[in-house]
Amino acid sequence: MRKSVILCLVMLSLVSFSSPVMASEKEPMPINSATTNKVEEIPADVQILLNRLEAIKAMDKSDLKSAERKELRAEVREIKSTLRAKGNGLYISTGAIIIILLLIIIL
């Protein structure tokens, strides 16, 4: 009985929190490359890493030896980990959000 009550409260809260977002009257902004990819906001060292990733993606890898491909893969992994480390964002998983909401509802 208690589990079903908690489950109903969770489902009700999920439905009620998503409704205001869907009902907003604001017009969505059109997405174009000029507004989403502003070079002046990206630091220079990050831009260099992004350019290198694009160069690797554009490369013709069919004529490379397996050792050279391994080196490229290792370089791509290193660049991606460096970019992730430089990102100043806060990431919260879905499970954490649900737990936070449950704690707010209970308390």
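These numbers were taken from a predicted model, which means no experiment stands behind them.

Each value, and the rule that gives it
- Residues numbered from 1 in each chain as written.
- Predicted model: local features only at pLDDT ≥ 70, side-chain atom pairs only at ≥ 80, totals over all residues.
- Heavy atoms only, no water.
- Helix = DSSP H or I, 4+ residues; strand = E, 2+ residues; numbered from the N terminus.
- Buried < 20%, exposed > 50% of the residue type's maximum accessible area, 1.4 Å probe, protein only.
- Patch = residues over 30% accessible without salt bridge, like charges linked within 9 Å, V, L, I, M, F, W, Y side chains within 5 Å.
- Areas by Shrake-Rupley, 256 points an atom, 1.4 Å probe, with all protein chains shown as cover.
- Salt bridge = Lys/Arg side-chain N within 4 Å of Asp/Glu carboxyl O.
- Lys, Arg positive; Asp, Glu negative; His and termini not counted.
- Charge placed at Lys NZ, Arg CZ, Asp CG, Glu CD.
- Core = buried A, V, L, I, M, F, W, Y, C linked by side-chain atoms within 4.5 Å.
- Contact = heavy atoms within 4.5 Å.
- Expected span 1.5 Å × (residues − 1).
- Arc of directions from axis to C-beta.

Trainee: Just to check I follow, could you spell out the overall build of the chain for this structure?
Mentor: Looking only at helices and strands, the chain has 5 helices and 0 strands in total. When the helices and strands of the chain are listed from N to C terminus, the series reads α-α-α-α-α. Every one of the 107 residues in the chain was classed for burial, and the buried ones make up 9%.

Trainee: What is the right way to read a positive patch on the surface from this model?
Mentor: On the surface, Arg69, Lys70, Arg73 and Arg77 cluster together to form a positively charged patch. Within the element layout of this structure, Arg69 appears in helix 4 (residues 66–86). The exposure class assigned to Arg69 is partly exposed, which follows from its relative accessible area of 33%.

Trainee: Which parts of the structure should I look at to understand the nonpolar core?
Mentor: Across soluble globular proteins, nonpolar side chains have a tendency to be buried as a group. Ranked by size, the top nonpolar core spans 8 residues in total: Val46, Leu49, Leu53, Ile56, Leu72, Val76, Ile79 and Leu83. Listed by contribution, the elements that provide at least two residues to this core are helix 3 (44–58) and helix 4. In this structure, Leu49 is in contact with Ile79, Thr82 and Leu83, ignoring residues within four places of it in sequence.

Trainee: Hey, could you run me through a negative patch on the surface in this one?
Mentor: A cluster of like negative charges, contributed by Asp60, Asp63, Glu68 and Glu71, occupies part of the molecular surface. Inspection of the secondary structure assignment puts Glu71 in helix 4.

Trainee: Can you help me understand the environment of Leu102 in this one?
Mentor: Along the chain, Leu102 turns up in helix 5 (residues 94–106). Note: C-alpha distance between Leu102 and Leu9 (93 residues apart in sequence) is 8.9 Å.

Trainee: Is there a simple way to think about helix 4 in this case?
Mentor: Because each turn of an α-helix spans 3.6 residues, side chains separated by three or four positions end up pointing in the same direction. For helix 4, with 21 residues, the first-to-last C-alpha span of 30 Å sits near the 30 Å given by 1.5 Å per residue. Among the residues of helix 4, those classed as buried are Leu72, Val76, Ile79 and Leu83. Each buried residue of helix 4 sits inside an arc of 65° when the element is viewed along its axis, so together they form one side. Residues of helix 4 that are exposed and point more than 90 degrees away from the buried face comprise Ser66, Lys70, Glu71, Arg77, Glu78, Arg84 and Ala85. Taken together, the buried residues of helix 4 touch helix 3.

Trainee: Is there a simple way to think about the pattern of salt bridges in this case?
Mentor: Opposite charge on two side chains makes pairing possible when the charged atoms of those side chains draw close. The full count for this structure, using the stated rule, is 1 salt bridge. The residue Arg52 makes a salt bridge to Glu75 at a minimum N-O spacing of 2.8 Å. Of the two residues, Arg52 is situated in helix 3 and Glu75 in helix 4; the sequence distance between them amounts to 23 residues. Given a relative accessible area of 31%, Arg52 falls into the partly exposed group.

Trainee: Sorry, what's going on with the environment of Thr82 here?
Mentor: Tracing the backbone shows Thr82 in helix 4. In this structure Thr82 comes out as partly exposed when scored by relative accessible area, which is 26%. C-alpha separation for the pair Thr82 and Val46, spaced 36 residues apart in sequence, amounts to 8.9 Å.

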